[in-house]
Amino acid sequence: MADHVDLSSADARRVALSSLGFGVKRPVRAGPAHVRATAARLSAIQIDSVNVLARAHYLPTFSRYGPYPMSALDDMVHARRELFEYWGHAACFLPIDLYPLMRWRMENQCVAWAGVSRKQKDFMEAVYREVAERGPISAGELSIGGKSTGPWWGWSEGKRAIELLFRQGRVAVAGRRNFERLYDIPERVFPDAVLRAGAVAPSDEKKALILRAARAMGVGTAKDIAQYFQIDAWWDRLSVDGRRAPAKTGVLFDELVEDGRLERVRVEGWKQPAFVVAGLSIPRSIDARAIVSPFDPVLWERKWTKAVFDFDYQIEIYVPGPKRIYGYYVLPFLLGDRFAARVDLKADRKTSTLILHAAYVERGLDARAVADALAKELRSLATWLSLDSFTVRLKGNLATPLKRALTRAGGGRTPHRATRP
């Protein structure tokens, strides 16, 4: 691609979806190689505790390749150490080769909190010594941790200290027990080669992350791409006294363009210039069919998602019930190169039922065609989650067509129950 090439809206959609791994040919049976491919393509798999359907980090591989053993991801993180847990976009599983590229963030956290009180420092050092002596352990197992305080994620003093040590890279996540982090010192978690990797200048580390983000996203403004790994986000620039250092990511993008690793482009309808990796090719078409997690990178930055796909999305689990528009745990549905529908899902494991609280088709699309495609994905999802039946609640403009499509997809024998909301 030459410099300043214009991309149409359709080009931008196809580039983004292809870069994010949607529309690839699905295998007969997905496995560890496809988890590895997903991690390599995205460079970050977000972790979240919400388990209404399935934990968020398991869904990206399913969205791209279909049913696979979830244990393959667990094994890759906690046994093979091909991935590690740290702050990427948010809490993420990252490919192990990104560990040296995160040292600037760890060092920033050490500097930012260097001015804490002597009492706080002494307490943190005591927590570190206990992890070194007893790890891997959970925050709740610290002998000096104290009690949790406050609602929701009310953390104890020990939890706050161990999380700061984790952000500083002084302790690492060695595993999880019932989704609770287990902490240990890095020397017992990571291979020596990773810990002893040569030092890299922070600016070069950030540029390497920008390139990884640009490859994953396909196209985006400098702000969009920088937010993929939250480069120079407020929590990286915050000092202990609350002051923020100015971000300098624009200079890094200029240098990457000068080096020929990024190219500036203009995208139809965008006010700001965009960037793509050098030599990017534009797919002629994308044949995606995917139920997408709210925590998938394609939805991380809502302004980018709106700009690329003309799709407004909000994770409504954080919205008070009366103000929700589409439901509680709503997953978008990709069809072709567009978001075609939204479906509010819940896995009821006690009754082995996939509950469809609501389903909505996007404006201007053929409801029956969308319902037929979505029904196939829902059957695949139910199989993957070992759920035996469906309950379709008649809420939303796609609910009735979807109920019928599920019956057709099951040869007329779909085990489901339709109820009114």
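For the structure itself, look to the data block above.
Residues numbered from 1 in each chain as written. Predicted model: local features only at pLDDT ≥ 70, side-chain atom pairs only at ≥ 80, totals over all residues. Heavy atoms only, no water.

Caption draft 1: Up close: the layout of surface pockets. Considered as a void within the structure, the second largest pocket measures approximately 360 Å³ in volume. Considering the residues around the second largest pocket, the lining is formed by 14 residues, among which Asp 310, Phe 311, Phe 339, Glu 362 and Arg 363 are closest to the centre. At the level of secondary structure, the elements contributing two or more residues to the lining of the second largest pocket comprise helix 13 (302-309), strand 11 (338-348) and strand 12 (353-361). Top element by residues in the lining of the second largest pocket is strand 11. It accounts for 3 residues. The class makeup of the residues in the lining of the second largest pocket is 7 nonpolar, no polar and 7 charged. (1 Å grid on protein atoms, 1.4 Å probe; cavity = no way out; pocket = protein on both sides within 12 Å on 5 of 7 lines; lining within 4 Å. Points joined across faces, edges and corners; volume = space filled by probe spheres on them. Helix = DSSP H or I, 4+ residues; strand = E, 2+ residues; numbered from the N terminus. Nonpolar A, V, L, I, M, F, W, Y, C, P; charged D, E, K, R; others polar.)

Caption draft 2: Looking closely at the side chain of Thr 305. With respect to the helices, strands and loops of the structure, Thr 305 is situated in helix 13. Those residues in contact with Thr 305 that sit more than four places away from it in its chain are Val 298, Leu 299, Asp 310, Phe 311 and Phe 339. (Contact = heavy atoms within 4.5 Å.)

Caption draft 3: Here's a closer look at the nonpolar core. Judged by nonpolar contacts, the single largest core of 80 residues is most densely connected at Val 219, Phe 229 and Leu 262. Counting residues per element, this core draws most heavily on helix 9 (residues 202-217), which supplies 7 residues. The residues contacting Phe 229, other than those within four sequence positions of it, are Ser 43, Ala 44, Gly 88, His 89, Leu 94, Leu 98, Met 102, Arg 105, Leu 209, Arg 212 and Ala 213. (Core = buried A, V, L, I, M, F, W, Y, C linked by side-chain atoms within 4.5 Å. Buried < 20%, exposed > 50% of the residue type's maximum accessible area, 1.4 Å probe, protein only.)

Caption draft 4: Region of the structure containing the sheet that holds strand 4 (residues 91-95). In space, the 3 strands of this open sheet follow the order 2-4-3, with antiparallel pairing throughout. Because the sheet does not close on itself, it has two edges, and the strands there are strand 2 (45-46) and strand 3 (83-87). Across 5 bridges, the pairing between strand 3 and strand 4 is antiparallel. Directly across from Trp 87, in strand 4, lies its bridge partner Ala 91. (Pairing = 2+ DSSP bridges.)

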